[in-house]
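A structural walkthrough
Each chain is listed here by its residues.
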Amino acid sequence: MTRECAPPAPGSGAPLSGSVLAEAAVVFVVVLSIHAAVWDRYSWCAVALAVQAFYVQYKWDRLLQQGSAVFQFRTSANSGLLPASVVMPLLGLVMKERCQTAGNPYFERFGIVVAATGMAVALFSSVLALGITRPVPTNTCVISGLAGGVIIYIMKHSLSVGEVIEVLEVLLIFVYLNMILLYLLPRCFTPGEALLVLGGISFMLNQLIKRSLTVVESQGDPVDFFLLVVLVGMVLMGIFFSTLFVFMDSGTWASSIFFHLMTCVLGLGVVLPWLHRLIRRNPLLWLFQFLFQTETRVYLLAYWSLLATLACLVVLYQNAKRSSSDSKKHQAPTIARKYFHFIVVATYIPGIIFDRPLLYVAATVCLAVFIFLEYVRYFRIKPLGHTLRSLLSLFLDERDSGPLILTHIYLLLGMSLPIWLVPRPCTQNGSLGGARALVPYAGVLAVGVGDTVASIFGSTMGEIRWPGTKKTFEGTMTSIFAQIISVALILIFDSGVDLNYSYAWILGSISTVSLLEAYTTQIDNLLLPLYLLILLMA
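Residues numbered from 1 in each chain as written. Predicted model: local features only at pLDDT ≥ 70, side-chain atom pairs only at ≥ 80, totals over all residues. Heavy atoms only, no water.

By the naming in an unreviewed UniProt entry, the protein goes by dolichol kinase and is assigned to Camelus dromedarius. You can read under Subcellular location (unreviewed entry) in the UniProt record for the protein the words "Endoplasmic reticulum membrane". UniProt, in its Sequence similarities (unreviewed entry) section for the protein, records the words "Belongs to the polyprenol kinase family." (UniProt positions renumbered as here; feature names shortened; annotations may be inferred.)

1. Describing the side chain of Thr521
In this structure, Thr521 sits in the loop between α19 (503-519) and α20 (524-537). For Thr521, a relative accessible area of 9% gives the class buried. A polar side-chain atom of Thr521 sits 3.2 Å from the main-chain amide nitrogen of Asn78. (Helix = DSSP H or I, 4+ residues; strand = E, 2+ residues; numbered from the N terminus. Buried < 20%, exposed > 50% of the residue type's maximum accessible area, 1.4 Å probe, protein only. Polar contact = N/O pair within 3.5 Å; in protein donor to acceptor, adjacent residues only side chain to side chain.)

2. Some words on the nonpolar core
Among the nonpolar cores identified, the biggest contains 173 residues, and Leu90, Phe189, Trp420, Leu438 and Tyr531 are the most heavily contacted of them. In contact with Trp420, other than residues within four places in its own chain, are Leu227, Tyr360, Ala363, Thr364, Leu367 and Leu413. (Core = buried A, V, L, I, M, F, W, Y, C linked by side-chain atoms within 4.5 Å. Contact = heavy atoms within 4.5 Å.)

3. Description of the pattern of salt bridges
It is possible for side chains of opposite charge to pair when their charged atoms get near one another. Overall, the coordinates contain 9 salt bridges when judged by the stated rule. Across the pair Arg380 and Asp249 runs a salt bridge whose closest N-O atoms are separated by 3.4 Å. Placement of Arg380 in the loop between α14 (356-378) and α15 (385-392) and of Asp249 in the loop between α9 (222-244) and α10 (253-279) is noted, with a sequence separation of 131 residues between them. In this structure Asp249 comes out as partly exposed when scored by relative accessible area, which is 45%. (Salt bridge = Lys/Arg side-chain N within 4 Å of Asp/Glu carboxyl O.)

4. Looking at a nonpolar patch on the surface
Together, Phe481, Ile485, Leu489, Ile492 and Phe493 make up an exposed nonpolar region whose accessible area comes to about 550 Å². Summarising the element assignment, Phe481 is placed in helix α18 (residues 473-493). (Patch = residues over 30% accessible without salt bridge, like charges linked within 9 Å, V, L, I, M, F, W, Y side chains within 5 Å. Areas by Shrake-Rupley, 256 points an atom, 1.4 Å probe, with all protein chains shown as cover.)

Written as structure tokens, this is what we have:
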């Protein structure tokens, strides 16, 4: 979470603000660093994509200020097109490099498809902005067209026919999800956040469909299928109920009973059979055996249950303080909101050290629970809907301007994505040595430690502000220092981490991401771990 909201995007015809330029400079540092590390035709495509996204981002910002965007986006931030556009392409590039080093041609090609898909959805978002901008921005259209032409030409000669079809399938799903979810959920995303979130969901949905149609006995890890089925199932469930409750009142007991019954029907009649087809065994029996397979897992589950109870007690305590206060508009202070960051750090570190597959599955289950409870709150499903609305309203900030409360879900995603995204076959035989050994800790470092320390120290002791923002120099410096101390502690307690003297790259990566945190107005819980993950993998 950010310490304070940065200034709004520049108005129509106004020059780009200093914070937007500084954010762009940090993003270009990351892009050029990955380009220098990879240095192939795909990395040149990433550079071209970043250049055109920089120009188109200004058009998106102007559309948001004028209220001329097709959908209602979050207004407390700029469009964020540039930092979001390069995430998937850069992730695919570093994934390709690591899997090539590990001698895994399947995931090497998979990384190329990820990069190509990210470029395709980013170019679509750029074309959308240029298509609705009036008058037509000729110069920006030329730059975007040249970049798009280079990318399409290189990808045409690099991808097989099947891979091209896969990219187009994801793009089609992305277009439909944009039309559906941005209409149903106004003011929940910026254009960049929508690109990042919906692009990822579209890719996962396409992967699930592809694997379901080509399922082979003993192909794939059950935990990977578990994540795909659960995430896609929860998204489809949300679209189903959002459409349904357009025609009926969701706050009545009859609607609430129907909601619970349909949830059971979709879970038992769609999700479980789908998962059974993929893993070729009873999903519930497999999950039970997996969770209680070893004594260490039992201890970890008990420990995580205690932390979950502690998080609930924090929510109840803060609401009790609000009830006893004179002002009914009392909001939880920054430090109180950061309690959850400390709890999440205490949750993830033992899981990363002792049992990463268990953490992988547990994070998936937790994400499903968070999304389900948000459905209950949003639709006012009895008996918990109104209670959840009252309890969680205390922790709202300027980024929860839409009908959904997403910051806690973004926090979970930011901590989990470094665990979920790295292909495990490419982490064997020492291919994740050096700075890459810290990849699973990217969420812990960027959000759990760095962002938390920056927020607390910046809001309490910060005096020197970064130009163009309300973030402070002291907050950023303490954030970097705290992450360095955390890396030292990881080296002490996790014997599997061997940095191989790659300290300069680690320091540079942490400093770059901390500067991005200081200038970005996007959801940093989601953005920062992805950038640190990309830099550490490179």
